[in-house]
Every structure is written in C-alpha cells, then in structure tokens.
Amino acid sequence: MCGRARCTLRADDIPRACHRNDVPVRTVHMDRYSPSYNVSPGHNFPVVRREDGGDGDGVVLHCMIWGLVPSFTKKTEKPDHYKMFNARSESIYEKASFRRLVPKSRCLVAVEGFYEWKKDGPKKQPYYIHFKDGRPLVFAALYDSWENSEGEILSSFTILTTSSSSALRWLHDRMPVILGDKGSIDTWLNCSSSSKFDDVLKPYEDPDLVWYPVTPAMGKSSFDGPECIKEIQLKSEGNNLISKFFSKKGIKEEQESTIEEKNSSAETFRIDPTKSLKKETDTEDNTAISSITDKGGQDSKSITIHSEDEDTAKCQCTTPARKKGNVKGAGDKQPTLLSYFGKN
C-alpha cells in the first residue's frame with residue numbers, strides 16, 4: 001500500500017504544507033531532491049523532522065531515501081528499500097524496527113497525491129488520489145539512520161498506513177495515514193505522549209479526498225512526467241459483451257432461418273418439381289404484374305418488417321471506481337499549489 005506518490009513541490013513549499021510557516025527551517029541533503037510525478041521506494045524524498053535532541057520549534061527539511069533501513073542492519077548487508085517502505089500503524093509498538101523510533105524519530109512526508117492499484121483478475125488499474133482543492137497531503141512517517149561498511153550514513157523513512165476509509169475500501173483495504181489539519185500534524189510531530197497518537201493514526205474520512213484512473217504505464221518507475229496523472233477513460237467491458245451477445249444471436253437466428261428456408265424448398269422440389277417451379281414463377285411474375293396494374297394501392301395490404309434497434313442492446317455500467325468530484329487530469333490542470341497557498 002502506498003508504494004508510489006507524486007512530489008513535485010518546491011523545497012520551500014514543503015515546510016509550509018506541514019504548517020511550519022513561522023519556525024526556523026534547516027535543510028540537509030536537499031541537493032539530492034529531484035521532483036517527480038512517480039516517486040517509488042529507493043528514491044530520495046524530502047521529509048520534515050524535528051531538530052535532533054531539541055524540544056524547540058525548529059525543524060529540519062531532510063532529503064532521505066524512501067524505504068526504512070534500521071540502524072541495527074549489518075554494515076555489509078545490501079539495503080532493501082522495498083522491505084519497509086510502509087509500516088502498519090496498528091503494530092508500530094510491537095516490532096522492534098519501529099517501536100524504538102516512535103518516541104523521537106517521527107517525521108512528516110508531504111506529497112501532492114499518491115497512486116493505488118485496483119486488481120481485476122490478472123489486470124491492475126492504477127488510480128491517482130489527491131485533495132480536491134489541490135493542497136498537499138501530509139503523511140505520518142518514521143525515520144532512522146544506518147551506517148554502511150564504507151562509513152556512509154544513510155537516512156531513510158517509512159510511511160505509516162492504516163485501514164482504508166469507507167470511501168476507498170473498494171480500491172484497497174489499506175491507505176496512508178493522512179494528517180489532515182494542523183492539529184493532527186502538531187500531535188504527530190511534537191507530542192510527547194504516545195497515548196494521543198491513536199487519535200491521529202486513523203483513516204481519513206473527509207469527502208475532499210478524490211481520485212480518477214490513470215495510465216497503467218506509470219506502473220514503471222522510469223515513467224515520469226505529467227502523463228502520470230492524466231485522467232483516462234476506462235473501457236466498459238459490459239457494453240461490449242452485451243453487444244457481442246445480441247450480434248451473435250442475430251447472426252445465429254439469420255443463419256438458422258436461411259437453413260430452414262433452403263430445407264423447405266428442397267423438400268418441396270423433391271415431392272413435386274413442377275409445382276415448385278410454378279410457385280416460384282407465380283410468386284415473382286404475378287407480384288410484378290400486380291404492382292403495375294393494381295390501382296387500389298391504398299386499399300392493398302402492406303407488410304412492414306421491423307428490425308430491433310441495436311442501441312437497445314447497449315447499456316452503461318457504473319462502478320465505485322469512477323472519480324469523485326470534478327477532477328481535471330489532462331495536462332496537470334489540477335488546482336495549483338500557488339492558488340492553495342495564496343489563500344493563506
């Protein structure tokens with residue numbers, strides 16, 4: 001869960017997104033930050049954390065690697081950033097990798113949105129999830145530092161997840177812990193009482209979280225750019241199946257009718273060939289003569305053959321997978337961060 005995200009924020013927008021507007025901000029390794037529409041574990045990602053050993057208001061904007069590598073990992077071991085890129089918030093007090101980080105190694109991750117895949121048999125359809133008004137999402141996270149055999153210090157983090165909200169349950173059973181306001185952000189970053197964390201490590205249930213389907217091509221981590229968040233139209237397989245059913249049914253009935261007519265004609269010819277030929281002649285010639293000499297056309301009977309309208313065989317199928325809200329995906333035309341921060 002939450003293995004891909006979009007972070008194209010400017011460096012100075014990230015502390016502001018975390019409501020750290022009026023506090024000193026120190027930066028660490030921000031030269032490693034490269035904005036991306038398709039960030040995956042193993043990439044450098046900016047996080048906001050408190051100053052080491054400090055209880056003041058100052059924070060650090062620190063570019064770390066997404067995918068936790070615990071400090072007790074052997075120095076000769078090759079780090080696997082996909083192993084711990086998420087941590088279940090319900091069990092952070094049970095696992096040693098996370099339990100020791102809760103008191104003093106909490107941090108915040110700001111993104112514009114994240115991706116999740118809907119499984120449909122062997123196929124997987126990605127969706128882009130974000131706030132309707134364009135403001136950044138802020139996730140709860142934990143970080144750690146590890147020293148490798150060459151003496152290099154590597155800082156990494158993991159994003160906390162929780163059970164999915166009622167609105168997103170159709171898509172996945174888990175979602176990142178979204179800190180939706182300044183109060184919940186302050187609690188996670190600064191509060192010293194772990195008993196209050198239970199109040200913020202919950203599913204985000206507000207209706208301003210929206211989504212829409214995007215191209216499956218963004219499943220490749222090398223695929224980047226605005227095309228990652230461009231909305232696509234999903235094909236309605238149900239309509240195609242219904243159309244094919246009626247189409248095949250019509251063809252089958254027509255073939256059966258033709259076969260039956262041929263069989264009937266063959267049987268008549270076999271019994272009395274002259275009768276069959278006479279009937280055929282009368283049918284063609286007399287009809288033509290009747291149409292020329294008959295002056296009572298208005299009184300004559302007419303036969304109208306009604307064909308079933310193919311459109312009645314079509315229907316529109318809707319699923320919970322459709323987007324919520326009026327979302328514009330093409331060309332990254334979502335509400336801009338400038339418009340959001342301009343409100344403040």
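Residues numbered from 1 in each chain as written. Predicted model: local features only at pLDDT ≥ 70, side-chain atom pairs only at ≥ 80, totals over all residues. Heavy atoms only, no water.

Colleague: Any chance you could break down the packing of aromatic side chains for me, citing the residues and the numbers?
Modeller: In the structure shown here, the tally under the stated rule is twelve aromatic pairs. Ring centres of Phe114 and Phe139 lie 5.9 Å apart, and the angle between their planes is 75°; on these two criteria the pair is classed as edge-to-face. Of this pair, Phe114 sits in strand β8 (residues 113-120) while Phe139 sits in strand β10 (residues 137-147), and the two are 25 residues apart along the sequence. Among the residues examined, Phe114 registers a relative accessible area of 0% and is labelled buried. By relative accessible area, Phe139 is classed as buried at 0%. Members of the aromatic cluster, each reached through a chain of ring pairs, are Phe45, Trp66, Tyr82, Phe85 and Phe157. (Phe/Tyr/Trp six-rings, centres within 6.5 Å; stacked < 30°, edge-to-face > 60°. Helix = DSSP H or I, 4+ residues; strand = E, 2+ residues; numbered from the N terminus. Buried < 20%, exposed > 50% of the residue type's maximum accessible area, 1.4 Å probe, protein only.)

Colleague: So what's going on with the pairing of strand β5 (residues 59-66)? Which residues, and what values?
Modeller: When you tally the buried positions in β5, you get eight out of eight residues, the bulk of the element. The sheet contact formed by strand β2 (residues 25-28) and β5 spans four bridges and is parallel. Looking at the pairing, Val28 lines up with His62 of β5. Sheet topology note: the strand β4 (residues 44-50)/β5 ladder contains seven bridges and is antiparallel. (Pairing = 2+ DSSP bridges.)

Colleague: So what about the confidence of the model for the chain? Which residues, and what values?
Modeller: On average, residues of the chain carry a pLDDT of 79, and 67% of them reach 70 or more. For residues 239-247, every residue scores under 50 in pLDDT, and the model assigns this stretch eight contacts once sequence neighbours within four places are set aside. Overall, residues 326-333 carries pLDDT values under 50, and its contacts beyond four positions in sequence, including any with other chains, amount to 18 contacts. (pLDDT = per-residue confidence, 0-100. Contact = heavy atoms within 4.5 Å.)

Colleague: Summarise the sheet that holds strand β3 (residues 36-39); cite the residues concerned and give the values.
Modeller: Taken in spatial order, the five strands of this open sheet run β3-β1-β8-β9-β13, and their pairing is antiparallel. The open sheet is flanked by β3 and β13 (209-213), the only strands paired with a single partner. With strand direction ignored, the average angle separating the axes of adjacent strands in the sheet is 30°. Relative to β13, strand β9 (residues 123-131) is paired through five bridges, and the arrangement is antiparallel. Bridged to Tyr128 within β13 is Tyr212. (Axes fitted to C-alpha atoms, helices over the stretch in contact; angles between N-to-C directions.)

Colleague: Now, about helix α3 (residues 182-190): what can you tell me, with residues and values included?
Modeller: Looking at α3, one finds that the buried residues are Ser184, Ile185, Trp188 and Leu189. The arc that holds every buried residue of α3, seen down its axis, measures 120°, which confines them to one face. Contact partners of the buried residues in α3: α1 (13-17), β4, β5, β7 (106-111), β10 and β11 (153-163). Its side-chain oxygen 3.2 Å from the backbone nitrogen of Gly183, Asp181 forms the N-cap of α3. (Arc of directions from axis to C-beta. Polar contact = N/O pair within 3.5 Å; in protein donor to acceptor, adjacent residues only side chain to side chain.)

Colleague: Kindly report on the pairing of β10, identifying the contributing residues and their values.
Modeller: Put simply, side chains in a regular strand alternate between the two faces of the sheet. Burial runs high along β10: nine of the eleven residues are buried. Where β7 lies against β10, six bridges are found, and the strand directions are antiparallel. Note on β10: the bridge partner recorded for Val111 is Leu137. Bridge count for β10 against β11 is seven bridges, and the pairing is antiparallel. From the neighbouring strand, Asp144 faces β11, where its bridge partner is Ser156.

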